[in-house]
Amino acid sequence: MPDHANHGANAQAWDGPREILFLPPADRRRQQWIGVRMAPDDPGIAEKTGFGAVKPFAELRSAVEKLADIFPNFYTILPYPKELGGYPHEKEWTGWLAQAAPQAKLNDVRAAIGAMRQKKSPGEIAFLAKAVDASVDAHLEAMKTMRPGLYEYQVAAKMVYVHSMEGCEAEAYAPIVGAGFNSTSLHYDQLSRKIGDGDIVVLDVGAQFSGYAADITRTLPANGKFTPRQREIYEIVLGAQNAAIAALKPGMTLARKAPNSLWQIAYDYINSHGKDKEGRSLGPYFIHGLGHHIGLDVHDAGDPSRPLEPGMVVTIEPGIYIPEENLGVRIEDDFLVTETGYKMLSEKLPRSVEEIEKIMAPFQKERSKGKEAAP
């Protein structure tokens, strides 16, 4: 509800709290099956939930009717105009609301909430940092685990294990581990291929901590050593990422076409460095956007054309995908936009060819010794 200074229509004032959470009553029998759930009469429930007040769900209608007599505008999630009208519960809710408060105008809240979500609070940034740190550790473990002969799902399982051990409740999205040709598929998630010697492997895996999503990608040589061609393409992608990072600051955008476009900086770098096997520029092989907001969703609410502001958290992730060479490379990191530039949240995870090969080398040697000693 608006604050107390806003008396709404008819000079009536709302004398209740600004926010109310309505919860169903405790069902002790059901809890024997599904576990304990919060109930409106739990001691200290308002403090636990962070809401101004918590009331029984049965009181929702009377509260809505009272509010409708004071405030002419209600904001909710209106059914989508496409995709069959959105989720069924959205239609049911707006239908119920129209019945309970026929005099109120229903407005779609998504645009306003989406704009608010783009700038993160200190608490949100702390959750994102935890998700990023767990993701960094998982990627480091993948560098130590990676070897020819493993299946993609085995590498993903190791990373998921690290997330769980660090307190993450889930992955931010289905893990992507793509070897060889699969490295050229952006959202490949079948994880069924056996990793071959000489394969390049794209690992796009991020953790979710307290509802907040990290999104990190690294590209590794399966045997610990980039081939000359893999290294060439990798270093072009890394150069494009570095060029975009150097320009990352408030006022820049993630839009493709704008004077202050970070995407254009990365694209121009890729297009002016290296060639495909036919001698053509590599720009057309950069087939997606440069980045996106992260938060409560891995592709969080955010218009790419909106200039970046302090408090926003975004990814920078250029890539080159050449299916005819079974060669895909993507490097992705997470950044907090600050007053003067940025803070790289995933800075602890190495990006250079030399650093990656150095981390992988001792583990590759250990596995080679094991093979030689095997009967």
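Since this is a predicted model, take the numbers as computed values, not measurements. (Residues numbered from 1 in each chain as written. Predicted model: local features only at pLDDT ≥ 70, side-chain atom pairs only at ≥ 80, totals over all residues. Heavy atoms only, no water.)

### Considering the layout of surface pockets
One number sums up the size of the largest pocket: a volume of about 970 Å³. As for the largest pocket, its lining consists of 23 residues, and the residues nearest its centre are Met-1, Arg-18, Glu-19, Leu-67 and Tyr-75. Across the lining of the largest pocket, the residue classes break down as 16 nonpolar, five polar and two charged. Lining the second largest pocket are 17 residues, with His-187, Asp-204, Asp-215, His-299 and Glu-317 positioned closest to its centre. When its residues are assigned to classes, the lining of the second largest pocket shows six nonpolar, six polar and five charged. (1 Å grid on protein atoms, 1.4 Å probe; cavity = no way out; pocket = protein on both sides within 12 Å on 5 of 7 lines; lining within 4 Å. Points joined across faces, edges and corners; volume = space filled by probe spheres on them. Nonpolar A, V, L, I, M, F, W, Y, C, P; charged D, E, K, R; others polar.)

### A look at the side chain of Gln-208
Relative to the assigned elements, Gln-208 resides in strand 8 (residues 207-209). A distance of 2.9 Å separates a polar atom in the side chain of Gln-208 from a polar atom in the side chain of Glu-169. In contact with Gln-208, not counting residues within four places along its chain, are Cys-168, Glu-169, Ala-170, Glu-171 and Ala-172. (Helix = DSSP H or I, 4+ residues; strand = E, 2+ residues; numbered from the N terminus. Polar contact = N/O pair within 3.5 Å; in protein donor to acceptor, adjacent residues only side chain to side chain. Contact = heavy atoms within 4.5 Å.)

### Brief notes about the packing of helix 8 (residues 228-246) against helix 9 (residues 262-271)
Where helix 8 meets helix 9, the closest approach of the two axes is 8 Å, and the angle between their N-to-C directions is 150°. In terms of orientation, helix 8 and helix 9 fall into the roughly antiparallel class. In this structure, helix 8 crosses over helix 9, and the sense of that crossing is right-handed. In this structure, helix 8 uses Ile-236, Gly-239, Ala-240, Ala-243 and Ala-244 to contact helix 9, whose residues at the interface are Leu-262, Ile-265, Ala-266, Tyr-269 and Ile-270. When grouped by side-chain class, the residues that make up the contact of helix 8 with helix 9 number nine nonpolar, one polar and no charged. (Axes fitted to C-alpha atoms, helices over the stretch in contact; angles between N-to-C directions. Parallel < 35°, antiparallel > 145°, perpendicular 65-115°, else oblique. Left-handed = near helix turned anticlockwise from the far one by under 90°.)

### Considering the packing of aromatic side chains
In this description, a pair of aromatic rings is defined by centroid distance and the angle of the planes. Applying the stated criterion across every chain yields a total of eight aromatic pairs. Where Tyr-151 meets Tyr-153, the ring centres are 5.4 Å apart and the plane angle is 20°; that geometry is what we call stacked. Residue classification places Tyr-151 among the partly exposed positions, given a relative accessible area of 30%. On the accessibility criterion, Tyr-153 (44% relative accessible area) is partly exposed. Here Phe-335 and Tyr-342 contribute two aromatic rings whose centre-to-centre distance is 5.7 Å and whose plane-to-plane angle is 80°, an arrangement assigned as edge-to-face. (Phe/Tyr/Trp six-rings, centres within 6.5 Å; stacked < 30°, edge-to-face > 60°. Buried < 20%, exposed > 50% of the residue type's maximum accessible area, 1.4 Å probe, protein only.)

### A few points about the side chain of Glu-325
You can see Glu-325 is positioned in the loop between strand 12 (319-322) and strand 13 (327-330). Given a relative accessible area of 17%, Glu-325 falls into the buried group. Beyond its immediate stretch of four places on either side in the chain, Glu-325 contacts Arg-229, Asp-276 and Lys-277.

### Digging into the pairing of strand 3 (residues 73-76)
Sheet faces and side chains relate simply in a regular strand, where the side chains alternate between the two faces. Along strand 3, the buried face is formed by Phe-74 and Thr-76; none of Asn-73 and Tyr-75, which line the opposite face, is buried. As judged from the four bridges shared by strand 3 and strand 4 (residues 105-108), these two strands associate in the parallel manner. Bridging across to strand 4, Phe-74 finds its partner in Leu-106. (Pairing = 2+ DSSP bridges.)

### Concerning the sheet that holds strand 8
The strands making up a sheet associate through hydrogen bonds between their backbones, and the pairing can be parallel or antiparallel. Taken in spatial order, the three strands line up as 5-8-9 in an open sheet, and their pairing is antiparallel. Of all strands in the sheet, those with a lone pairing partner are strand 5 (170-171) and strand 9 (212-213), marking the two edges. In this structure, strand 5 lies alongside strand 8, joined through two bridges in antiparallel fashion. Within strand 8, the residue paired with Ala-170 across the bridge is Gln-208.

### What to know about the nonpolar core
Residues Val-155, Leu-203, Leu-262, Ile-316 and Ile-320 are the most contacted members of the largest nonpolar core, which totals 74 residues. The dominant element in this core, judged by the number of residues it contributes, is helix 6 (residues 122-145), at nine residues. When near neighbours in sequence (up to four residues on either side) are disregarded, Val-155 contacts Ala-142, Met-146, Leu-150, Val-177, Ile-195 and Leu-203. Ranked by size, the runner-up nonpolar core spans 16 residues in total, among them Ala-63, Val-64, Ile-70 and Ala-104. (Core = buried A, V, L, I, M, F, W, Y, C linked by side-chain atoms within 4.5 Å.)

### Some points on the environment of Pro-25
As for its position among the elements, Pro-25 is in the loop between strand 1 (20-23) and helix 1 (28-34). According to the relative accessible area criterion, Pro-25 is exposed, its value standing at 61%. Remark: the alpha-carbon pair of Pro-25 and Val-337, spanning 312 residues in sequence, is separated by 43 Å. If sequence neighbours within four positions are ignored, Pro-25 has contacts with Ala-39 and Pro-40.

### A closer look at the sheet that holds strand 11 (residues 313-316)
Taken in spatial order, the three strands make up an open sheet running 11-14-15, and their pairing is antiparallel. Whereas interior strands pair on both sides, the edge strands pair on one side only; in this sheet they are strand 11 and strand 15 (342-344). Each strand axis lies, on average, 35° off the axis of its neighbour in the sheet, ignoring direction. The sheet contact formed by strand 14 (residues 333-337) and strand 15 spans three bridges and is antiparallel. Among the inter-strand pairings, Val-337 is bridged to a residue of strand 15, identified as Tyr-342.

### Considerations on the packing of helix 6 against helix 7 (residues 152-165)
Relative to each other, helix 6 and helix 7 sit at 145°, their axes nearing to 8 Å. Along this stretch, helix 6 crosses helix 7, giving a crossing that reads as right-handed. Residue-level inspection shows Ala-134, Ser-135, Asp-137, Ala-138, His-139, Glu-141, Ala-142 and Thr-145 of helix 6 in contact with helix 7, the latter providing Val-155, Lys-158, Met-159, Val-162 and His-163.

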